[in-house]
Structures are given as structure tokens and as C-alpha cells.
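# Remarks on the overall topology
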Amino acid sequence: ALRSRSMSTPNMVSLPLLPINIIILVALLLTLPLHANAMALDTAAPATTVVVSGACGKVGSRLLRELLMNNNDGTKRIVALVRDANKLKAMMKDARYGEVDSTNLSIKEADYANPGQLKDAFATVHPSGDCRLFLSCGNVPDQAGLELNILKEAVAHTRGTNSNLFTAKLSTATPIMEANGGEGASSYAKEHRIVEDYLRANCDGNYCILRPNMFMQVLTAGSFLGINIPHVDKDEGELQATHPMANCKVSMIDCVDVASVAAHILSSANPNEQYGNNVYELTGPSAIGIREEIASAISNELKRPLEIENISLESALESNGIPSAAAKGLRPFLDTLGAYDRVTSQVEQLLGRPARSIHDFVPDEKWAI
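Right, let's walk through the structure included here. (Residues numbered from 1 in each chain as written. Predicted model: local features only at pLDDT ≥ 70, side-chain atom pairs only at ≥ 80, totals over all residues. Heavy atoms only, no water.)

Our next topic: unusual backbone geometry. At aspartate 204, a residue that is not glycine, the phi angle is positive and equals roughly 50 degrees. Here aspartate 204 is to be found in the loop between helix H8 (187–202) and strand E6 (207–212). Residue classification places aspartate 204 among the exposed positions, given a relative accessible area of 67%. Positioned with a positive phi, asparagine 277 is a non-glycine residue whose angle comes to about 65 degrees. One can find asparagine 277 in the loop between helix H10 (271–275) and strand E9 (278–282). (Helix = DSSP H or I, 4+ residues; strand = E, 2+ residues; numbered from the N terminus. Buried < 20%, exposed > 50% of the residue type's maximum accessible area, 1.4 Å probe, protein only.)

Looking now at helix H11 (residues 290–302). Taken together, the buried positions of H11 are occupied by Ile290, Ile294, Ala295, Ala297, Ile298 and Ser299. The first or second residue beyond H11 is lysine 303, which carries a positive phi of 60 degrees.

As a further point, take the pairing of strand E5 (residues 164–170). Counted residue by residue, E5 has six buried out of seven residues, so it is predominantly covered. Bridge analysis of strand E4 (residues 130–135) against E5 gives six bridges, and the strand direction is parallel. Residue phenylalanine 134 lies in a different strand from E5, and its bridge partner there is alanine 168. A crossover links E4 with its parallel partner E5, the connecting element being helix H6 (residues 143–160), and its sense is right-handed. (Pairing = 2+ DSSP bridges. Right-handed = clockwise from strand over helix to strand, strands pointing away.)

Let's shift gears to the packing of H6 against H8. Direction vectors running N to C along H6 and H8 enclose 20 degrees, while the axes themselves pass 8 Å from each other. Considering the angle they form, H6 stands roughly parallel to H8. The handedness of the crossing between H6 and H8 is right-handed. For the pair H6 and H8, the contacting residues are Gln143, Ala144, Gly145, Glu147, Leu148, Leu151, Lys152 and Arg159 in the first and Tyr188, Glu191, His192, Ile194, Val195, Tyr198, Leu199 and Asn202 in the second. (Axes fitted to C-alpha atoms, helices over the stretch in contact; angles between N-to-C directions. Parallel < 35°, antiparallel > 145°, perpendicular 65-115°, else oblique. Left-handed = near helix turned anticlockwise from the far one by under 90°. Contact = heavy atoms within 4.5 Å.)

With respect to the helices, strands and loops of the structure, asparagine 71 is situated in the loop between helix H3 (58–69) and strand E2 (76–82). In this structure asparagine 71 comes out as buried when scored by relative accessible area, which is 2%. There is a polar contact of 3.3 Å between the side chain of asparagine 71 and the backbone nitrogen of threonine 75. Engagement of the side chain of asparagine 71 in a polar contact is seen with the backbone oxygen of lysine 76, the distance being 2.9 Å. Not counting residues within four places of it along the chain, the set of residues in contact with asparagine 71 comprises Lys76, Ile78 and Asn104. (Polar contact = N/O pair within 3.5 Å; in protein donor to acceptor, adjacent residues only side chain to side chain.)

Rendered as C-alpha cells:
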């Protein structure tokens with residue numbers, strides 16, 4: 001009938017001639033069951049969007065790199081939520097970490113204190129897909145308020161579009177959170193507690209909390225907790241350095257592992273079922289001393305002996321241009337952190353490999369020490 005020529009019979013519709021390939025295609029489609037037609041015509045499944053706040057931070061920037069390296073097929077939308085897009089672009093091109101292809105990265109500038117800007121950023125989330133949120137921002141006085149602004153906007157957007165939201169919140173070390181009967185060892189811990197409590201009360205278990213120990217990266221220069229080695233490029237012989245926690249043993253962790261854990265959870269098929277409503281205490285593979293193991297690792301890399309002596313917190317602060325009076329507020333936090341030598345296996349359980357050791361860290365970050 002489709003191939004019949006125009007007919008002059010009254011009340012008959014005139015049909016044009018059709019190519020044989022079109023006729024065969026139509027016939028095949030008509031013979032398929034309804035569900036097969038739907039499958040054939042459905043060209044793409046709903047996309048998953050991963051939103052990384054704090055994307056210029058120690059963990060956030062490494063998380064972005066890992067997400068991008070594992071997203072060559074572009075099946076995920078990756079959105080970086082930052083205050084300064086140019087800063088992030090420069091970080092992504094930093095040859096010391098290896099440049100990554102950022103073709104599938106969408107960078108959104110937003111003041112975390114501005115709900116309107118956050119709303120615009122979350123408008124990039126696919127209306128029918130999943131949204132995975134890495135929740136983090138810098139350690140500032142209103143950290144809880146800023147993180148809650150991000151979280152509340154994510155919740156509002158996904159509810160309005162019938163999307164699914166899962167949040168991985170970057171918190172701080174468990175002993176810091178649990179000190180003083182749960183009040184925390186510092187105001188820093190209290191900020192994290194506010195956000196953790198909000199997640200528990202409002203997110204129906206669709207979240208997890210990452211509580212890493214002290215980052216190995218704080219040992220790098222530019223911090224009062226950094227190991228600054230004077231004249232390392234000029235002098236021969238033994239090197240001298242100082243540190244306010246030289247006598248402590250801490251199960252510190254490489255940020256690379258924290259980022260890998262976050263990437264693993266946020267990239268999983270069903271994070272709600274697999275990781276929801278969990279708190280992960282993340283540590284390195286062993287408790288290490290700054291005076292012993294860390295000095296030895298740096299010495300092996302530099303091929304020169306290094307001695308690290310303990311100094312007072314006040315002296316460490318003053319040498320970095322920070323008033324010594326700040327020691328009063330920092331001491332409870334650092335004393336608690338300096339006694340955190342507990343080792344967990346959660347990094348290995350989640351990633352299927354051991355956590356990185358100080359001997360893995362130092363060669364990769366030698367340039368920054």
C-alpha cells in the first residue's frame with residue numbers, strides 16, 4: 001500500500017512513492033514489541049552530575065583530577081564550585097601534579113554566602129539524573145553557614161527536579177569531633193558538628209561523612225605546621241629543621257587517599273545503599289613520628305641527613321608571622337591531634353589497596369617541602 005501510486009478514486013488519500021530502505025525500516029519497527037521500541041529510541045540514560053565544592057582545596061583539587069581522569073567517556077557531568085575560576089584553571093594545569101584534560105569539567109564561580117549564585121550553579125544538574133555532592137569549604141569562621149548554604153541549595157534543586165542527591169561531607173578527625181564530651185576540641189570542630197547534625201536530621205541517610213586524620217600535606221612549607229628546611233639548596237652536610245609536633249606520633253593521611261575515597265564513593269552505582277549514613281575514619285597505614293619516620297623519609301629523598309627538633313607552638317607561630325597569642329586557641333586542637341595515633345583499615349577496605357605511606361608521599365611532594 002505504501003508503494004502504490006497516486007489513485008484517482010474519490011475519497012482516497014494520495015500516497016507518495018517511498019524508498020525501499022524506509023519501507024523496510026518501518027516494517028521492522030512495527031514488528032518489534034513495545035518495550036524494544038522504547039529501548040531502541042532511548043538514546044541516553046539520565047546523566048549523573050558530581051558537584052565538588054571547595055574545589056581549590058587540598059582534597060577538592062585532587063578529587064577533581066581523579067574524577068576527570070576516570071571520566072574519559074564523559075558519562076558524568078563534573079561541576080567545580082569555586083570562588084575563583086582562574087585559580088582552579090591554573091591548578092589543573094600544574095605540571096607538578098600532571099596536567100589533566102578538563103574538557104568535561106564545568107567550572108562555576110559562586111560566593112558560598114550568596115544563595116542566588118549557588119542556585120545558578122546547581123541549575124547545571126540534569127533534571128532527571130543523580131546529583132552527587134562533595135561538601136567542603138575552607139576553615140573560616142562561618143564554615144558551617146557556608147557549607148549549609150551549599151547543601152540546602154543542592155537539596156532544594158534536586159527535590160524540585162525529582163533528582164536523587166547523595167552528599168559526601170568532608171569533616172575533621174574523629175578525636176577532634178569527640179573531645180570534651182562531643183563538644184569538640186575547638187570551634188573548628190563545632191562548625192563541622194553543625195553540618196554533620198544537619199545531614200543526620202534532614203537527608204534521610206543519603207550522605208556519608210569523611211573524617212580524615214591530619215593531612216601529610218600540612219608538612220609542606222608555607223604553614224606553621226610545615227617542615228621548613230633552611231638553606232637546603234646551599235649547604236652541604238646535615239640539615240636542621242624544627243616543628244611544634246616533632247615529638248608526636250600521628251597516623252596522618254595523604255590527601256590523595258582522601259580524594260580517592262571520595263571519588264570511589266561518589267562514582268559508585270548506588271552510593272545511598274552502599275555508603276549511606278556512614279562515618280568513615282580515615283588514617284594512614286601507621287602512626288609516624290615527625291622526628292623519626294618523617295625526618296628519615298625526607299633524608300632518604302634528599303640524600304642528606306636531617307634532624308628535626310621540637311619547638312614551642314608560640315615560636316612556630318611567630319616564625320610564620322602569626323601572633324603567639326593564637327597558641328591559646330590552637331593548643332587544645334593540636335594536643336588532641338598530636339595524640340591521634342589510632343590506625344584504621346577503612347582506606348584499604350574502600351579502595352582495595354593500602355593507604356599511602358610517608359615514603360609514597362615525600363617523593364611526590366618533595367618540591368613543596
